[in-house]
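What follows is each chain in one-letter form.
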Amino acid sequence: MLVILIVAVGVAWIVFDVERREASSPPASDDNVPDTYLVNARIKQFGADGTLRHVIHASRFTHYPRTDVTTLVAPEIDLHEVGNTPWHLTSEQGRILPAPAAGASETIELEGEVHAVRGAEGAPVTINTEALFVHPGDNYVETDRKVVIEDQRGHTTAAGMQAWLDPGRYVLHGHASQRVVSRLNPAREDISKRL
């Protein structure tokens, strides 16, 4: 009985000692811990000629140096270089991805209730989807998710989209379960002309 008691105390001592060492040792270092936090910040990018190209606002920016990715909480993007009327894009979250090559521009990935609107007087356009890649340097956006586009002419749904915002050119994609469908609004006659 004495031998069993001595063995039990020895095992308990070893377990206690191992737990004590693990608790006192520093945690394993993560090689991609954030190096920069910005809260409720606004980042503006200007072109070589000094004109404002785009503005990114988010309630939180977090930069990870190893991957050079910046995560965004509640981002808002204004693309000012698109014609006379800027586009305003919002989503629940996003990421600024590094440029794929030297001289190329960054890509912004938006996720969760993405809403893009161009409020041109008399001709507003809205785009709604769940995910959108924004290439602000090229005024280009794309998605492979269901997208809904609305303007004064009607309502269009598609399985995906590529859009060059400056000329206003859209390429819509469909597949077997989600075709490209457009519903046109009836032409509205100006009542004041009849009176």
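Residues numbered from 1 in each chain as written. Predicted model: local features only at pLDDT ≥ 70, side-chain atom pairs only at ≥ 80, totals over all residues. Heavy atoms only, no water.

Caption draft 1: Layout of the pattern of salt bridges. By the definition in use, this model includes 2 salt bridges. Residues Arg95 and Glu109 are paired through a salt bridge, measuring 2.7 Å at the closest nitrogen-oxygen approach. Of this pair, Arg95 sits in strand E6 (residues 93–97) while Glu109 sits in strand E7 (residues 107–118); the two residues are 14 residues apart in sequence, bridging distant segments of the chain. By relative accessible area, which is 11% here, Glu109 ends up buried. (Salt bridge = Lys/Arg side-chain N within 4 Å of Asp/Glu carboxyl O. Helix = DSSP H or I, 4+ residues; strand = E, 2+ residues; numbered from the N terminus. Buried < 20%, exposed > 50% of the residue type's maximum accessible area, 1.4 Å probe, protein only.)

Caption draft 2: Quick peek at unusual backbone geometry. Backbone geometry places Asp68, a non-glycine residue, at a positive phi of 55°. Its identity as a non-glycine residue notwithstanding, Glu113 has a phi of 50°, on the positive side. Residue position: Glu113 is located in strand E7.

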